[in-house]
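# A closer look at the structure
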Amino acid sequence: MDPRISIVIPVYNEEAILHAAVVDLRERLRPFDWSYEIVLAENGSRDRTVEIAAELAAKYPEVRFFSFGEPNYGGALRRGIVEEARGEIIICDEIDLCDADFHRRAVERLDAGSVDMVIGSKLLDGSADERPLARHAASIFYNGLLRVTLGFQGTDTHGLKAFTRRTLLPIARACVVEKDVFASEFVIRAYRAGLSIEEIPVRVKEKRPPSINLVKRVPNVLKSLAKLTWAIRIKG
């Protein structure tokens, strides 16, 4: 029988924290008594991430993994949502967060039937962004850019989110960009489709430095953002 909840987590060069993060997440989910799966969306790792993911999948029946084949956060996340996740509720998480408290609050809201998507915002009033100042400032700048270029209505697109699979699956399939900007397109298209979306504040504290250098990401992000702006504003 398929699990009710799928937790999709992109992973890239995470050998240092992968095993501990998954084991800890399983323990913190235990009190919820959920039927769930953890889907590790590996994408292009050059370390022991694939080996560790395979060991976790062999040991824990609720853990599965797949390899996307190249370093592509958005592509792996999209495949996890569209092709791999089996639950009626999908939670997108980050391996350095694995925020079970967000999972609980989001599922409660989705079960109440009042929203289609819940976003964990690190920029909303009441949130706590404990990352380095440069990363916090980059998030503020990026989300401001989304508001100016695409009319984004919220405060955050990247990171924790939960949604009903049936409602959001067509949105994920319609997305045209991958890599870092897929998460933004996914959320923005959900807003533009008139879906009911609620942001809730979260606490963000990194367990390790970013696996991809922030400066090196900028050209690809800007290129993808230009493509997304054309796709949404010109083509609709």
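Just above, that's the structure.
Residues numbered from 1 in each chain as written. Predicted model: local features only at pLDDT ≥ 70, side-chain atom pairs only at ≥ 80, totals over all residues. Heavy atoms only, no water.

## What to know about the overall build of the protein chain
In terms of helices and strands, the protein chain carries eight helices and nine strands. In terms of C-alpha radius of gyration, the protein chain reaches 17 Å, essentially the compact-globule figure of 18 Å for 236 residues. If one aligns the C-alpha atoms of the protein chain with their principal axes, the spans along those axes are about 50 × 40 × 35 Å. Counting only residues that meet the buried cut, the protein chain has 53% of its 236 residues in that class. Intrachain contacts of the protein chain at a sequence separation of at least 6 include 78% that bridge at least 24 residues. Carbon and sulfur atoms provide 53% of the accessible area of the protein chain, an area that totals close to 10,800 Å². (Helix = DSSP H or I, 4+ residues; strand = E, 2+ residues; numbered from the N terminus. Rg over C-alpha atoms; globule rule 2.2 N^0.38 Å. Buried < 20%, exposed > 50% of the residue type's maximum accessible area, 1.4 Å probe, protein only. Contact = heavy atoms within 4.5 Å. Areas by Shrake-Rupley, 256 points an atom, 1.4 Å probe, with all protein chains shown as cover.)

## Details of the pairing of strand β5 (residues 117–121)
Taking burial as the measure, the five residues of β5 include five buried ones, the bulk of the element. Sheet analysis places β5 next to strand β7 (residues 161–164), joined by three bridges and oriented antiparallel. The residue bridging Met117 from the neighbouring strand is Phe163, located in β7. In this structure, β5 lies alongside strand β8 (residues 197–201), joined through five bridges in parallel fashion. Of the residues in β8, the one forming a bridge with Ser121 is Pro201. (Pairing = 2+ DSSP bridges.)

## Observations concerning the sheet that holds β7
Each strand in a sheet pairs with its neighbour through backbone hydrogen bonds, running either in the same direction (parallel) or in the opposite one (antiparallel). Taken in spatial order, the seven strands line up as β3-β2-β1-β4-β7-β5-β8 in an open sheet, and their pairing is mixed. The sheet is open, and its two edges are formed by β3 (63–67) and β8, each paired on a single side. Direction aside, neighbouring strands of the sheet carry axes that sit 20° apart on average. Sheet topology places strand β2 (residues 36–42) next to β3; five bridges connect them, and they run parallel. Looking across to β3, one finds that Leu40 is bridged to Phe65. (Axes fitted to C-alpha atoms, helices over the stretch in contact; angles between N-to-C directions.)

## Comments concerning the pattern of salt bridges
Tallied over the entire structure, the rule returns 19 salt bridges. Its salt-bridge partner being Arg104, residue Glu108 comes within 3.4 Å of it at the nearest N-O pair. Taken together, the residues span about one helical turn, with Glu108 and Arg104 both in helix α4 (residues 100–112) at a distance of four residues. Exposure remark for Glu108: the relative accessible area of 45% places this residue in the partly exposed category. (Salt bridge = Lys/Arg side-chain N within 4 Å of Asp/Glu carboxyl O.)

## Description of helix α2 (residues 49–59)
Every buried residue belonging to α2 is among Thr49, Ile52, Ala53 and Leu56, and all of these are buried. Across the axial projection of α2, the buried residues extend over an arc of 100°, all falling on one side. Elements in contact with the buried residues of α2: β1 (5–11), α1 (18–29), β2 and β3. (Arc of directions from axis to C-beta.)

## Overview of helix α6 (residues 165–174)
Taken together, the buried positions of α6 are Leu168, Leu169, Ile171 and Ala172. Buried-residue contacts for α6 involve α3 (73–84), β5, β7 and α7 (182–192).

## Remarks on the packing of aromatic side chains
One pass over the full model with this rule turns up four aromatic pairs. Judged by centre distance (5.7 Å) and plane angle (80°), the rings of Phe152 and Tyr191 are edge-to-face. Taken together, the positions of Phe152 in the loop between α5 (133–150) and β7 and Tyr191 in helix α7 put the pair 39 residues apart, joining distant regions of the chain. The exposure class of Phe152 is buried, given its relative accessible area of 5%. Arranged with centres 5.8 Å apart and planes meeting at 10°, the rings of Phe182 and Phe186 form a pair that is stacked. Placement of both Phe182 and Phe186 in helix α7 is noted, with a separation of four residues, approximately one turn of the helix. This pair shows no difference in class: Phe182 is buried, exactly as Phe186 is. (Phe/Tyr/Trp six-rings, centres within 6.5 Å; stacked < 30°, edge-to-face > 60°.)

## Concerning the nonpolar core
Within the largest apolar cluster, 37 residues are counted, with the highest numbers of intra-cluster contacts made by Ile81, Met117, Phe163 and Phe186. Of all elements in the fold, only β2, α3, β4 (89–92), β5, α5, α6, α7 and α8 (214–235) reach the threshold of two or more residues within this core. Those residues in contact with Ile81 that lie beyond four places of it in its chain are Ile90, Cys92, Phe163, Arg165, Leu169, Ala172, Phe182 and Phe186. Listed in part, the 35 residues of the second largest apolar core include Ile9, Ala21, Leu29 and Cys98. (Core = buried A, V, L, I, M, F, W, Y, C linked by side-chain atoms within 4.5 Å.)

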